[in-house]
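# Commentary on secondary and tertiary structure
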Amino acid sequence: MVTSAQPAEYAGQESFFGGTPPLSESVGYIVVLGFGAAFSIFTTLLVYLEKKFAGGAGITSEKFNTAGRTVKTGLTASVIVSQWTWAATLLQSSNVAWQYGVSGPFWYASGATIQVLLFGVLAISLKKVAPSAHTVCEIVNARWGRTAHKTFLIFAFLANIIVTSMLLLGGAATVEALTGMNRKLASFLIPWGVILYTAAGGLKATFIASYLHTAIIFAVLITMITMVYIKKYSSDQIYDYLDATVTHTEEECQIIYSTSGSVESTFFDNTKYACGPVPNNNSGSYLTMLSADGLMFGIINIVGNFGTVFVDQSYWQSAIAAKPTSASRGYLLGGICWFAIPFSLATSLGLTSTALMLPITSGEAGAGLVPPAVATHLLGNAGSVLILTMLFMAIVSTGSAESIAVSSLVAYDIYREYMNPDATGDQILKVSRYVIVGFGLVMGALAVFLDWMKLSLGWVYLFMGIVIGSAVIPLWNMMTWKKASGTGAVISAWSGLVLAVITWLVACSIQSGSITIDNLGKNEPMLAGNLVAILSSGLIHFVYSMIFPQNFDFETLDSNIKLVEDDSSGLTEEDKDPKMLAEAYKWITTRGWILTIVLVVIWPLLSIPAGKFTKDYFAFWVLIAIAWGFGAAIIITFLPILESSEELSVVIRGMLGKESASTEEKYIEKEVDPVADNFPEA
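Residues numbered from 1 in each chain as written. Predicted model: local features only at pLDDT ≥ 70, side-chain atom pairs only at ≥ 80, totals over all residues. Heavy atoms only, no water.

With that settled, consider the overall build of the chain. Assigned secondary structure in the chain consists of 26 helices and 0 strands. Surface accessibility of the chain: about 23900 Å² in total, with carbon and sulfur atoms responsible for 64%. (Helix = DSSP H or I, 4+ residues; strand = E, 2+ residues; numbered from the N terminus. Areas by Shrake-Rupley, 256 points an atom, 1.4 Å probe, with all protein chains shown as cover.)

The structure is reproduced here in structure tokens:
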């Protein structure tokens with residue numbers, strides 16, 4: 001008789017979900033359609049109340065696409081967390097915990113946090129040199145001209161398409177596993193909830209909804225952390241279970257994963273189930289940062305996510321919408337708080353999946369089903385509903401940001417630039433709304449296409465850097481280096497993509513002997529392709545720009561960008577104050593780089609001497625995850641409310657009839673920023 005931590009109810013079970021969803025199909029429709037409709041109505045109502053009682057101005061094309069450029073620190077941070085919390089954040093982070101142990105959640109979190117921290121540098125650069133911009137491609141056009149504009153417009157659309165496809169690919173798979181709802185149908189229905197409030201209220205409505213989504217995500221996160229490490233188990237118990245999982249021999253694993261408790265009736269496959277030593281990990285343990293595959297994933301994660309932040313219009317749009325001081329603080333705070341979601345969630349749910357040896361197959365893990373499996377085990381149907389709700393919040397919040405990003409690119413960079421240069425604000429607004437509706441309706445087709453190609457969430461996540469990574473360094477150079485050449489940027493972006501794809505295919509052929517979807521998805525070819533994409537383009541752009549420098553005068557950049565309407569909101573002399581912007585640039589540059597080095601260099605190096613974690617070391621590791629999770633939840637939930645308390649009170653008093661709608665103090669014009677005292681300028 002073999003003793004294991006696997007609960008008795010899973011004996012003889014070949015997969016966790018086994019084709020039988022824990023929830024009824026009706027629950028899937030309620031979440032997908034009901035939640036979507038409820039959030040659309042609620043968010044649209046909030047925008048209406050702000051306009052009616054707080055003296056908010058009517059929606060113009062400028063406000064629709066920039067939210068008036070006056071968003072404060074807390075809401076900026078909340079929006080960043082919301083945009084960066086994909087389905088992959090919730091699902092793939094636990095998959096890498098299931099695969100590699102403690103190193104998986106850490107590398108997922110740190111490898112995708114530093115891009116947000118460093119993007120704060122670009123956010124302030126934008127406020128300094130192109131405060132009137134609506135899109136990143138508008139800046140490309142203003143500096144480098146139409147050839148570069150068309151090139152980076154293609155890369156921007158690729159980023160939006162990849163992110164949107166991944167959102168729905170992971171989300172639809174989870175909806176199907178939990179409710180039995182057809183994944184193709186779910187892929188088409190999920191975006192519908194996004195369309196109404198995004199098309200009605202624009203960027204401001206998206207930001208309000210994003211705050212609500214983020215608060216709900218953190219509420220579920222706290223619930224899961226509490227269930228694993230406080231109510232059901234302790235860090236010591238999880239440590240013992242994880243230790244036991246890797247000490248099982250192959251024969252013992254065959255007995256555990258069998259229909260009648262014997263080797264003869266086994267269905268065990270060491271590539272399919274988490275049992276026995278972990279390949280390429282120190283001591284074969286899940287309890288170590290010394291993981292070759294974990295490190296490899298970390299590098300792929302870092303490179304790939306630079307592409308999906310720096311090339312994604314939605315992050316530039318958040319920078320455009322923020323007040324200058326809030327742009328730097330918001331990105332830093334947002335990055336720090338976002339770290340908790342993959343790190344804390346996967347350190348609890350991801351590690352518990354292997355600790356308890358739940359019959360989760362590699363296929364289920366790759367599809368992102370580790371969190372729903374563990375939540376269902378811990379809380380039954382309630383756990384399934386919580387994960388489904390959390391996932392839906394992530395899909396809808398990022399989906400709305402991607403929708404308005406695409407609409408801005410089409411409206412300003414295609415319609416106004418190439419079709420109607422004299423477009424009015426009403427025409428821009430109409431095109432923006434049409435594109436949001438159209439993109440929302442075709443989002444599902446993108447996910448269905450990837451599903452038809454048999455590509456999993458994990459595969460696409462690793463692949464994205466190969467496609468868009470070559471655009472990262474040219475865009476950074478565009479905002480920070482006067483010598484950066486437009487011709488060089490075009491050459492480097494396309495050359496980097498071609499070289500990355502060739503490297504990826506060659507590495508796959510050399511390693512596996514044949515090129516198949518599964519072989520292309522292995523870490524080594526993906527790592528080679530991702531590195532070549534970002535490094536080759538950076539080198540080509542640097543060399544070309546040194547030989548043929550542009551020597552651009554940044555003082556002239558903003559004059560090449562024109563507003564559609566005479567709306568100076570967020571563009572006052574105070575907002576453009578050179579001294580204030582210089583101090584903000586210094587503030588974010590120093591802190592952004594320090595935190596980046598801490599997260600990807602110092603922290604991993606400090607964990608090397610630990611080798612395989614002791615019980616006390618693991619307890620401290622878990623304590624950090626819990627504290628970070630609770631701290632981030634408190635900040636991201638209450639700071640936006642604190643900053644907007646005066647505006648909220650105006651709305652409430654107006655609803656109660658205690659203050660007229662014609663109040664002279666219109667909150668959109670206020671410059672009060674309570675968090676400023678906690679973030680000194682220099």
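Volume-wise, the largest pocket comes out at about 1400 Å³. Together, 47 residues line the largest pocket, and Asn95, Trp98, Gln99, Thr271 and Ser362 are the ones closest to its centre. Ranked by residues supplied to the lining of the largest pocket, first place goes to helix H4 (residues 87-100) with 6 residues. (1 Å grid on protein atoms, 1.4 Å probe; cavity = no way out; pocket = protein on both sides within 12 Å on 5 of 7 lines; lining within 4 Å. Points joined across faces, edges and corners; volume = space filled by probe spheres on them.)

What follows covers the nonpolar core. One finds Trp86, Phe119, Ile139, Phe152, Phe218 and Phe618 to be the most contacted residues of the largest nonpolar core, which totals 199 residues. If near-sequence neighbours (up to four positions away) are discounted, Phe119 is found in contact with Val309, Phe310, Tyr315, Trp316, Ala319 and Tyr331. Counting residues in each nonpolar core, the second largest holds 8 residues, with Cys253, Phe268, Cys275 and Met357 among its members. (Core = buried A, V, L, I, M, F, W, Y, C linked by side-chain atoms within 4.5 Å. Buried < 20%, exposed > 50% of the residue type's maximum accessible area, 1.4 Å probe, protein only. Contact = heavy atoms within 4.5 Å.)

A surface patch of nonpolar side chains, amounting to about 730 Å² of accessible area, comprises Leu290, Ile594, Ile597, Val598, Val601, Ile602, Leu605, Leu606 and Ile608. Take Leu606: it is sitting in helix H24 (residues 578-607). Residue class for Leu606 comes out exposed when judged on its relative accessible area of 61%. (Patch = residues over 30% accessible without salt bridge, like charges linked within 9 Å, V, L, I, M, F, W, Y side chains within 5 Å. Salt bridge = Lys/Arg side-chain N within 4 Å of Asp/Glu carboxyl O.)

Below, the discussion takes up the pattern of salt bridges. All chains considered together, the criterion is met by 5 salt bridges. Between Arg416 and Glu138 there is a salt bridge, and its shortest N-O distance comes to 2.8 Å. Placement of the pair is Arg416 in helix H17 (residues 381-419) and Glu138 in helix H6 (residues 136-144), with a sequence separation of 278 residues. Assessed through its relative accessible area of 9%, Arg416 is described here as buried.

A few words now on the confidence of the model for the chain. Here the chain shows a mean pLDDT of 84. Residues at 70 or above account for 88%. Highest mean pLDDT in the chain belongs to helix H21 (residues 486-512) (95); lowest belongs to helix H2 (residues 61-66) (54). In the predicted structure, residues 660-682 sits below a pLDDT of 50 and forms 48 contacts with residues beyond four places in sequence or in another chain. (pLDDT = per-residue confidence, 0-100.)

Our focus in this paragraph is H4. Between its first and last C-alpha atoms H4 spans 20 Å; for 14 residues at 1.5 Å apiece the expected length is 20 Å, and the two agree. Most of H4 sits out of view: 13 of its 14 residues are buried. Two residues or fewer past H4, Gly101 is found with a positive phi of approximately 90°. (Expected span 1.5 Å × (residues − 1).)

This paragraph deals with the side chain of Ser125. One can find Ser125 in helix H5 (residues 103-129). Within the structure, Ser125 has its side chain in polar contact with the backbone oxygen of Val121 (distance 2.9 Å). Setting aside its immediate chain neighbours within four residues, Ser125 contacts Ala130, Met479, Thr480 and Tyr585. (Polar contact = N/O pair within 3.5 Å; in protein donor to acceptor, adjacent residues only side chain to side chain.)

So, on to the packing of aromatic side chains. Describing an aromatic ring pair means giving the distance of the ring centres and the angle of the ring planes. Counted under the stated rule, the structure contains 43 aromatic pairs. When the ring of Phe155 is compared with that of Trp494, the centres are 5.1 Å apart and the planes differ by 45°; the resulting orientation is tilted. Residue Phe155 is found in helix H7 (residues 146-179), and its partner Trp494 is found in helix H21; the two are separated by 339 residues along the sequence. Taking the centre distance of 5.3 Å and the plane angle of 75° together, the rings of Phe306 and Phe310 count as edge-to-face. One end of the pair, Phe306, and the other, Phe310, are both in helix H12 (residues 292-310), 4 residues apart, so they sit about a helical turn from each other. Classification of Phe310 by relative accessible area gives buried; the value is 2%. An aromatic cluster is built from Phe106, Trp107, Phe339, Phe343, Trp603, Phe613, Tyr617, Trp621 and Trp628, whose rings are joined through pairwise contacts. Directly above the ring of Tyr585 sits Lys128, whose terminal nitrogen or CZ lies 4.4 Å from the centroid. (Phe/Tyr/Trp six-rings, centres within 6.5 Å; stacked < 30°, edge-to-face > 60°. Lys NZ or Arg CZ within 6 Å of the ring centre and 35° of its normal.)

A few words on unusual backbone geometry. It is generally the case that most residues other than glycine have a negative phi and that most peptide bonds are trans. A positive phi angle, near 55°, is found at Met357, a position not held by glycine. Relative to the elements of secondary structure, Met357 occurs in the loop between helix H14 (324-355) and helix H15 (362-366). Within the chain, Asn551 stands out as a residue other than glycine whose phi angle is a positive 50°. Checked against the element boundaries, Asn551 lands in the loop between helix H23 (523-547) and H24. For Asn551, a relative accessible area of 46% gives the class partly exposed.

The next subject is the side chain of Ser165. Positionally, Ser165 belongs in helix H7. Overall, the relative accessible area of 3% leaves Ser165 in the buried class. A polar contact is formed between the side chain of Ser165 and the backbone oxygen of Ile161, at a distance of 2.6 Å. Dropping the residues within four chain positions of it, Ser165 is found in contact with Leu446, Ala447 and Leu450.

With 30 residues, H24 extends 42 Å from end C-alpha to end C-alpha; this agrees with the ideal 44 Å at 1.5 Å per step. The sharpest bend along H24 measures roughly 40° and falls at Val598. Buried within H24 are the following residues: Met580, Leu581, Ala584, Trp587, Ile588, Gly592, Thr596, Leu599, Trp603, Pro604 and Ser607. (Bend = angle between axes of the 7 residues up to and from the residue.)

You can see Ala77 is positioned in helix H3 (residues 73-84). Sequence-wise, Ala77 and Tyr211 are 134 residues apart; in three dimensions their C-alpha atoms are separated by 9.2 Å. Apart from residues lying up to four places away in sequence, Ala77 is in contact with Gly330, Leu333, Gly334 and Ile636.

Further remarks concern the packing of H5 against H12. The contact between H5 and H12 brings their axes to 8 Å, and the two run at 30°. Relative to H12, the element H5 is oriented roughly parallel. Our pair here, H5 against H12, has a crossing hand that is right-handed. Of the residues in H12, those touching H5 at Ser103, Gly104, Trp107, Tyr108, Gly111, Ala112, Ile114, Gln115, Leu118, Phe119 and Leu122 are Gly294, Leu295, Phe297, Gly298, Asn301, Ile302, Asn305, Phe306, Val309 and Phe310. For the contact of H5 with H12, the residue count by class is 13 nonpolar, 8 polar and no charged. (Axes fitted to C-alpha atoms, helices over the stretch in contact; angles between N-to-C directions. Parallel < 35°, antiparallel > 145°, perpendicular 65-115°, else oblique. Left-handed = near helix turned anticlockwise from the far one by under 90°. Nonpolar A, V, L, I, M, F, W, Y, C, P; charged D, E, K, R; others polar.)

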